[in-house]
Amino acid sequence: LPELVEKFLAEGSPRQNGQILSYFADRGFGFITYGQERATIFFHVSQCAKMEGTTPEPGMTVSFVISLNHRTGKQQAQEVQQAEELFSSATAGAS
C-alpha cells in the first residue's frame, strides 16, 4: 500500500464534527469545515444517507468520518449525518 494509505489505516479515523460550508445540490457535493484549524473537506451527497431526506445546507452541524477517496487518494467525508440525528439515535438506544 502507498505510505499515505498505510499511515491513514494505522491511525484510524474517529468521527469529526463540523459545519457544512457549501453545498451544490445540482452537482451533489459540498464542503465541510471542521477542527480548530477550520480545515475544509469534500463530501458527496451519497455519503449523507443517514440524513433521511434532509438536504445538506450551509451552516448545518454535521458529524462524519474522514476517509480516503480510492480514485483520487484525497481525504473526503463519509457517513455524514446531522449532529442532532446522531445525538437522537445515541440517546434512543440508551432508553
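Residues numbered from 1 in each chain as written. Predicted model: local features only at pLDDT ≥ 70, side-chain atom pairs only at ≥ 80, totals over all residues. Heavy atoms only, no water.

Lay out the packing of aromatic side chains with the relevant residues and their values.
Taken as a whole, this structure holds 6 aromatic pairs when the rule is applied. Centre to centre, the rings of Tyr-23 and Phe-43 are 5.9 Å apart; their planes meet at 15°, and the pair counts as stacked. Separated by 20 residues along the polypeptide, Tyr-23 in strand 1 (residues 15–24) and Phe-43 in strand 3 (residues 39–44) bring together distant segments of the chain. Here Tyr-23 matches Phe-43 in class, with each residue buried. (Phe/Tyr/Trp six-rings, centres within 6.5 Å; stacked < 30°, edge-to-face > 60°. Helix = DSSP H or I, 4+ residues; strand = E, 2+ residues; numbered from the N terminus. Buried < 20%, exposed > 50% of the residue type's maximum accessible area, 1.4 Å probe, protein only.)

Please give an account of unusual backbone geometry that cites residues and values.
One non-glycine residue, Arg-38, lies in positive phi territory at about 55°. Residue position: Arg-38 is located in the loop between strand 2 (29–34) and strand 3. A relative accessible area of 46% places Arg-38 in the partly exposed class. Here the phi dihedral of Glu-79 falls at roughly 50°; this positive angle occurs in a residue that is not glycine.

Run through the side chain of Asn-69, naming residues and quoting values.
With respect to the secondary-structure elements, Asn-69 resides in the loop between strand 4 (61–68) and strand 5 (75–82). A polar contact is formed between the side chain of Asn-69 and the side chain of Gln-76, at a distance of 2.9 Å. Apart from the residues lying within four places of it in its own chain, the contact partners of Asn-69 are Lys-74 and Gln-76. (Polar contact = N/O pair within 3.5 Å; in protein donor to acceptor, adjacent residues only side chain to side chain. Contact = heavy atoms within 4.5 Å.)

Requested: an account of the nonpolar core, with residues and values cited.
With 14 residues, the main nonpolar core has Ile-32, Phe-43, Phe-64 and Val-80 as its most contacted residues. Of all elements in the fold, only strand 1, strand 2, strand 3, strand 4 and strand 5 reach the threshold of two or more residues within this core. If one sorts the elements of this core by residue count, strand 4 sits on top with 3 residues. Ignoring anything within four residues of it in the chain, the contact list for Phe-64 reads Pro-14, Arg-15, Gln-16, Asn-17, Gly-18, Ile-32, Tyr-34, Ile-41, Ala-77, Gln-78, Glu-79 and Val-80. (Core = buried A, V, L, I, M, F, W, Y, C linked by side-chain atoms within 4.5 Å.)

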